[in-house]
Amino acid sequence: MLSVYALAYGFGLLKFEASVPTWLWVFALNNLIITCVIEEAFFRGFIQKKLTKKLNPIWAVIITSCLFGVAHFSGGLAYIFVATIAGALYGFTYLYTGRLSAAIAVTSF
């Protein structure tokens, strides 16, 4: 997970900010409940699960991770790359634990 943060920082997608905005709790709640749960349910719980039934599980993770990355195209090529790597981390977490909740937990960090 640290390598994902390092990649994002290296590409300039993240920057350090010493202050904490007053709306942080709204962002955190939205990100945790809506974004993480819905994305993981769709990409891991639906797409990866279906692909695993038809393909080698490693290929299912790779394909799902690439689709996850492309879904974040609005952030540009660097964001697609970082999202693909993060998607692989989430995908392998789901593959090895068999639990969607584990993949969601990893996205929360």
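Residues numbered from 1 in each chain as written. Predicted model: local features only at pLDDT ≥ 70, side-chain atom pairs only at ≥ 80, totals over all residues. Heavy atoms only, no water.

**Student:** Requested: an account of the pattern of salt bridges, with residues and values cited.
**Tutor:** One pass over the full model with this rule turns up one salt bridge. Across the pair Glu40 and Arg44 runs a salt bridge, and its minimum N-O distance is 2.8 Å. Of the two residues, Glu40 and Arg44 are both situated in helix α2 (residues 24–54); the distance of four residues between them amounts to about one turn of the helix. Across the pair, exposure class does not vary: Glu40 and Arg44 are buried alike. (Salt bridge = Lys/Arg side-chain N within 4 Å of Asp/Glu carboxyl O. Helix = DSSP H or I, 4+ residues; strand = E, 2+ residues; numbered from the N terminus. Buried < 20%, exposed > 50% of the residue type's maximum accessible area, 1.4 Å probe, protein only.)

**Student:** Go over the packing of aromatic side chains with me, naming the residues and quoting the values.
**Tutor:** Under the defined criterion, the tally for this structure stands at seven aromatic pairs. With a centroid separation of 5.7 Å and an interplanar angle of 75 degrees, the aromatic rings of Phe11 and Phe81 are classed as edge-to-face. In this pair, Phe11 is assigned in the loop between α1 (2–10) and α2 and Phe81 in helix α4 (residues 77–97), connecting sequence segments 70 residues apart. Phe81 sits in the partly exposed class, given a relative accessible area of 39%. Considering the side-chain rings of Phe42 and Phe46, the 6.0 Å spacing of their centres and the 20 degrees angle between planes classify their relative orientation as stacked. In this pair, Phe42 and Phe46 are both assigned in helix α2, four residues apart and thus about one turn of the helix distant. (Phe/Tyr/Trp six-rings, centres within 6.5 Å; stacked < 30°, edge-to-face > 60°.)

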